[in-house]
Amino acid sequence: MPRRRDPAAPRVVYRTARVAWRRRRRDAPLSGYQELCRELAASGPGTFAELDSAGARSVLRRFSDAWFAAAKRRKDGDVSAGFPRRRRGLVPVRWHHGTFVLDGRRVRIPVGRGAAPLWVRLAREVPYPLEQVRSITLLCEGGRLFLDLSAEIPIATYPVGAGPDPGRVAGVDLGIIHPYAVTGPDGAGLLVSGRAIRAEHRMHLADTKARRRAVARRAPKPGQRGSRRWRKYRRRARMVEGRHRRRVRQAQHEAARSVVSWAVEQRIGELRVGDPRGVLDIEAGRRHNLWLRQWQVGRLLQVLTDKATLSGITLCLVNERGTSSTCPACQRRVPKPRGRTLSCPHCRFSGHRDLVAAATIATRSPGGGPTTPTAVVLSEVLTHRRAGRHLPGAGQSRRDPRRPRVA
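In short, a report on the structure. Bear in mind that the values here come from a model prediction, so they are computed numbers and not experimental data.

A separate point is the packing of helix α5 (residues 228-265) against helix α7 (residues 297-310). When two helices pack together, their arrangement is given by the angle between the helix axes and by the axis-to-axis distance. At their nearest, the axes of α5 and α7 sit 9 Å apart, and the two run at 45° to each other. As summarised for this structure, α5 and α7 are arranged oblique, according to the angle between their axes. In the packing of α5 onto α7, the handedness of the crossing is right-handed. Of the residues in α7, those touching α5 at R249, Q252, H253, A256, R257, V259 and V260 are R299, L300, V303, L304, K307 and A308.

What follows is the structure in structure tokens.
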């Protein structure tokens, strides 16, 4: 976590004031990035306080992207999508290579002309060589200041005969109980348990509801300014939310690292991942929609793709329709089980539902339909891993780690 050089220095506030002025004057709105940059150049210095032109352009880039994203959603029929018109006190600011200076655990952030130099101290060393850092982003999350680094990392190299083999394909099934279920070509399988992540979501929701019930009586009325106690409560709530997001994000990285490490040991050259994002558009009730939102399937795909690419493994998405409800032995449709075991009433086959789905996914080709052209190779040797060992109460037990024990 970075800290400012002078805690008493005035905080830079980034706002889209000129856009609001144009709306009041009924002028044409500025939404394109180039139009906003021309408006910034015509406004002169001091428009973004101490922020330099590179940082100001990064703020305008985020505003333009958010505006066009909202316009696209409204065009698709989502009337709840709103344009970025509310003024925000703090916006992430990004600087590219050549505009900032990294000196050990200190970072010099460029400022506007005439402003005092700004040095930010880091809480730990930068994990990448300085020549590999390509950009930095200063952001505020949960009341804490963070510095996000983007670095250029080379792809891993292996000795001759020890690297990933393009002919060895493994299937990956995404889920909530098991974020990743993987089946290899030689009967090897991997199950990554995500019960600790699910427990973190559940207990965090319960804690949030309890805190809201406790402060409901002293909450400010509509139109009434909050007291100091209320501001302290809101600051504490933002800090807890940020800590929860960081914990879940770290657990997702641990799960993806387990999959990639296992794939490197098995010399897997291609990971075929079932794409489940089609279920996100199905309205299935308030509780089920909450589970899908907490699943964060897009982040799971992104994290796994990044780590697989760095290890020299190719990742592709395939159609996963019917993989959890099709018997791999007789290729007949079976009722989708409520538990973890899939049992076929036709041929009496029985196996782990997620591993069966992963084995079927491995046989499908990218861009193809929901068919199984080749024989399914089921797992015989299974490896178990757990994600979220750092979460509160996580230990060796298989139960939800944050659930209170019954005496």
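Attention now goes to α7. Taking 1.5 Å per residue as the helical rise, α7 with its 14 residues ought to reach 20 Å, and the 20 Å between its terminal C-alpha atoms agrees with that figure. Along α7, the residues that are buried comprise V297, L300, L301, V303, L304, K307 and A308. Buried residues in α7, looked at end-on, bunch into an arc of 170°, giving them a common side. Buried positions along α7 lie against β8 (165-174), β9 (180-183), α5, β11 (268-275), α6 (286-295) and β12 (314-319). A positive phi of about 80° marks G312, the residue just after α7.

Before going further, it helps to examine the sheet that holds strand β7 (residues 144-151). Judged by pairing direction, the sheet is antiparallel, and its three strands sit side by side in the order β2-β6-β7 without closing on themselves. Two strands bound the open sheet, and with one partner strand each, they are β2 (93-96) and β7. Geometrically, the sheet is characterised by an average inter-axis angle of 15° between neighbouring strands, direction not taken into account. Here four bridges tie β2 to strand β6 (residues 133-141), and the two strands are oriented antiparallel to one another.

What follows covers unusual backbone geometry. Within the chain, Q296 stands out as a residue other than glycine whose phi angle is a positive 55°. Following the sequence through the fold, Q296 ends up in the loop between α6 and α7. The phi angle at R348 is positive, at roughly 65°, despite the residue not being glycine. In this structure, R348 sits in the loop between β13 (341-343) and β14 (350-352).

How each quantity is defined
Residues numbered from 1 in each chain as written. Predicted model: local features only at pLDDT ≥ 70, side-chain atom pairs only at ≥ 80, totals over all residues. Heavy atoms only, no water. Axes fitted to C-alpha atoms, helices over the stretch in contact; angles between N-to-C directions. Helix = DSSP H or I, 4+ residues; strand = E, 2+ residues; numbered from the N terminus. Parallel < 35°, antiparallel > 145°, perpendicular 65-115°, else oblique. Left-handed = near helix turned anticlockwise from the far one by under 90°. Contact = heavy atoms within 4.5 Å. Expected span 1.5 Å × (residues − 1). Buried < 20%, exposed > 50% of the residue type's maximum accessible area, 1.4 Å probe, protein only. Arc of directions from axis to C-beta. Pairing = 2+ DSSP bridges.

Remember, this is a structural readout, not a statement about activity or role.
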